Amino acid sequence: MEARTLELVFPEHTNPLGAAFGGFVLGLMDKVGSYAAARYAKKPVVTVAVGSVEFKVPIRTGDLLEVVARVVRVGRTSLTVEVEVYKERFGQENGRTLATKGILTYVAVNEKGEPVPVEAHAGAD
């Protein structure tokens, strides 16, 4: 199961040098990662862990970001999601560049916020 979105980087998302705040990028990753997990689980999910995150190249004001999240593992109540952030600069020939990559873990919950089982899907992608 996958989810994706596009986001443009504005000055308020960056430091005085024009590089995106890590928290801004992590927030996008968490949001889109939760969409992929909830789509798979068909239930609400909550973030329980942010695993390794690698900021490979700087993201700058004016970059167009494509955030792509894929469920890569399903446990009894948890889902592990790989999230990649690609950047693209309008007018540049080199196209998309992988800027950030990380692994996030979510747990499916009921209306009381209690963990609930996730049904495994064959061929979910």
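Owing to the predicted nature of the structure, the values given are computational and were not obtained by experimental measurement.

Q: I'd like to hear about the UniProt feature "domain: HotDog ACOT-type" (unreviewed entry) in the protein, residue by residue, with values.
A: When the UniProt feature table is mapped onto this chain, "domain: HotDog ACOT-type" (unreviewed entry) is found at residues 1-112. With 18% helix and 46% strand, the stretch residues 1-112 has end C-alpha atoms that lie 25 Å from each other.

Q: Before we move on, can you summarise helix H1 (residues 22-41) with the specific residues and values?
A: The end-to-end C-alpha separation of H1 is 28 Å, in line with the 28 Å expected for 20 residues at 1.5 Å each. For H1, the set of buried residues is Phe24, Val25, Leu28, Met29, Val32, Gly33, Ser34, Ala36, Ala37, Tyr40 and Ala41. Close packing links the buried residues of H1 with strand S1 (2-8), strand S2 (45-55), strand S3 (64-74), strand S4 (78-88) and strand S5 (97-108). Taken from the residues just after H1, Lys42 is the one with a positive phi, measuring 60°.

Q: Give a description of the pairing of S3 that names residues and reports values.
A: As paired elements, S1 and S3 share seven bridges and run antiparallel to each other. Across the sheet, residue Thr5 finds its bridge partner in S3, namely Val67. Direction of pairing for S3 relative to S4: antiparallel, over a ladder of 10 bridges. Pairing of Val68 across the sheet is with Glu84, part of S4.

The rules behind the values
- Residues numbered from 1 in each chain as written.
- Predicted model: local features only at pLDDT ≥ 70, side-chain atom pairs only at ≥ 80, totals over all residues.
- Heavy atoms only, no water.
- UniProt positions renumbered as here; feature names shortened; annotations may be inferred.
- Helix = DSSP H or I, 4+ residues; strand = E, 2+ residues; numbered from the N terminus.
- Expected span 1.5 Å × (residues − 1).
- Buried < 20%, exposed > 50% of the residue type's maximum accessible area, 1.4 Å probe, protein only.
- Contact = heavy atoms within 4.5 Å.
- Pairing = 2+ DSSP bridges.

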